[in-house]
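Observations on chain architecture
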Amino acid sequence: TIETPEDGDVSVRESDDDLDAQILIVDDNDDSDTYEVFRFEINNEDADVFLNEMTIIASTSHSDIDDVISDLMVEIDGEEFDYDTASTTAGNVGEYVFEFEENDDEIPVEEDEDIEVLVWVEFNQASNYDEGDTIQFGIGSIDGADYGADTSYLEVEGQQSGDSSGVSGRQE
C-alpha cells in the first residue's frame, strides 16, 4: 500500500545490479550461508509515498519449496526485514509477505527517488532436494506467470500505477 496525499507514479523494475544467474553452494548436512538472490528497484515520481506491504514470490523446479528455502528476508536501504507470513501454492511456489505498516516499519519513498530492494535467502541442506534443481524469485510474477489469487504484490498507500508490477530474476 502506498500512502500519499498526492497522485504519483510508482514503478518496479529489475535492478541493473541484479545477478543473471549463479551457482549456489549448499552443504549436504547443513543449511547454507545467506545468499543475495534477487535485486530490484522501486521508483517513485511526483509524490512522497510509503511502502506498506510487499510479497516476494519464489518458485522451484523441486516439488516442495519448503524443502529448499530455510529463511528469506529483504534488505531496504541497509535495513533488514524478515517476512511476516509465508504460504505455499502448488507445492513448489512460495509467497513471502512483508507487512511493514503492521510492524510500524513503513518504508518512505520520497518524490523522484529510487529505493533498491535486495532479497536474501538461506537454503536448507542440499540432501532435501536434487542437484540441479532451480529456483526463481520475483515480485508479482516470474517469467510472465502470476502466482496466487492476490495480485497486489506491492502495496503503497495513495495512487498506484498499475494493479500488479512484474519483475523477476532467475537463480540456478
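Residues numbered from 1 in each chain as written. Predicted model: local features only at pLDDT ≥ 70, side-chain atom pairs only at ≥ 80, totals over all residues. Heavy atoms only, no water.

Describing the nonpolar core
In terms of nonpolar packing, the biggest core is built from 36 residues, with Phe40, Met54, Ile69, Val74, Ile76 and Phe123 touching the most fellow members. Every residue in contact with Ile69, bar those within four places of it in the chain, is listed here: Ala58, Tyr96, Val121, Glu122, Asn124, Ile135 and Phe137. (Core = buried A, V, L, I, M, F, W, Y, C linked by side-chain atoms within 4.5 Å. Buried < 20%, exposed > 50% of the residue type's maximum accessible area, 1.4 Å probe, protein only. Contact = heavy atoms within 4.5 Å.)

Re the environment of Thr85
Tracing the sequence through the fold places Thr85 in strand β6 (residues 85-89). You can call Thr85 partly exposed: its relative accessible area is 37%. Placed 10 residues apart in sequence, Thr85 and Glu95 show a C-alpha to C-alpha distance of 8.2 Å. Ignoring anything within four residues of it in the chain, the contact list for Thr85 reads Glu95, Tyr96, Val97 and Glu99. (Helix = DSSP H or I, 4+ residues; strand = E, 2+ residues; numbered from the N terminus.)

Side note on the packing of aromatic side chains
Scanning the model with the defined rule gives 5 aromatic pairs in all. When the centroid spacing of 5.1 Å and the interplanar angle of 80° are considered together, the rings of Phe81 and Phe100 count as edge-to-face. Of this pair, Phe81 sits in strand β5 (residues 79-82) while Phe100 sits in the loop between β7 (93-99) and β8 (107-109), and the two are 19 residues apart along the sequence. Comparing Phe81 with Phe100 shows no difference in burial state: the two are buried. Centroid distance Phe98 to Phe100: 6.3 Å. Interplanar angle 20°. Geometry classified as stacked. Overall, the relative accessible area of 1% leaves Phe98 in the buried class. Taking the relative accessible area as the measure of exposure, Phe100 reaches 2% and is therefore buried. By the ring-pair criterion, three or more aromatic residues cluster together here, those being Phe81, Phe98 and Phe100. (Phe/Tyr/Trp six-rings, centres within 6.5 Å; stacked < 30°, edge-to-face > 60°.)

Overview of the pairing of strand β10 (residues 135-139)
Along any regular strand, the residues point their side chains to alternate faces of the sheet. In terms of burial, β10 is a largely internal element, 5 of the 5 residues being buried. Residue alternation in β10 divides its side chains into two sets, Ile135, Phe137 and Ile139 and Gln136 and Gly138, and both sets are buried. The pairing of strand β3 (residues 49-60) with β10 spans 4 bridges and is antiparallel. Each bridged residue has a counterpart across the sheet, and for Thr60 the counterpart in β10 is Ile135. (Pairing = 2+ DSSP bridges.)

A closer look at the pattern of salt bridges
By the definition in use, this model includes 2 salt bridges. In this structure, Arg39 and Glu36 form a salt bridge, with 2.8 Å as the shortest nitrogen-oxygen distance. Glu36 shares its class with Arg39; the two are buried. A salt bridge links Arg39 to Glu116, with the shortest nitrogen-to-oxygen separation between them at 3.3 Å. Linking Arg39 in strand β2 (residues 34-45) with Glu116 in strand β9 (residues 113-123), this pair joins segments that are 77 residues apart in sequence. Residue Arg39 is classed as buried on the basis of its relative accessible area, which comes to 15%. Residue classification places Glu116 among the partly exposed positions, given a relative accessible area of 23%. Here the salt bridges share partners, and the residues they tie into one network are Glu36, Arg39 and Glu116. (Salt bridge = Lys/Arg side-chain N within 4 Å of Asp/Glu carboxyl O.)

Things to note about the confidence of the model for the protein
Scored by pLDDT, the protein has a mean of 77; 76% of the residues are at 70 or more. Taking the mean pLDDT of every element in the protein, the minimum, 38, falls on strand β14 (residues 167-171) and the maximum, 95, on strand β4 (residues 69-76). When the criterion is pLDDT under 50, residues 147-151 qualifies, and its contacts beyond four places in sequence or with other chains add up to 12 contacts. Predicted confidence for residues 157-172 stays below pLDDT 50, and this span has 64 contacts to residues more than four positions away or in other chains. (pLDDT = per-residue confidence, 0-100.)

Here we look at a negative patch on the surface
Judged by side-chain charge, Asp71, Asp77, Glu79, Glu80, Asp82, Asp84, Glu101, Glu102 and Asp104 come together as a negatively charged surface patch. For the negative patch, the leading source of residues is β5, giving 3 residues. (Patch = residues over 30% accessible without salt bridge, like charges linked within 9 Å, V, L, I, M, F, W, Y side chains within 5 Å. Areas by Shrake-Rupley, 256 points an atom, 1.4 Å probe, with all protein chains shown as cover. Lys, Arg positive; Asp, Glu negative; His and termini not counted. Charge placed at Lys NZ, Arg CZ, Asp CG, Glu CD.)

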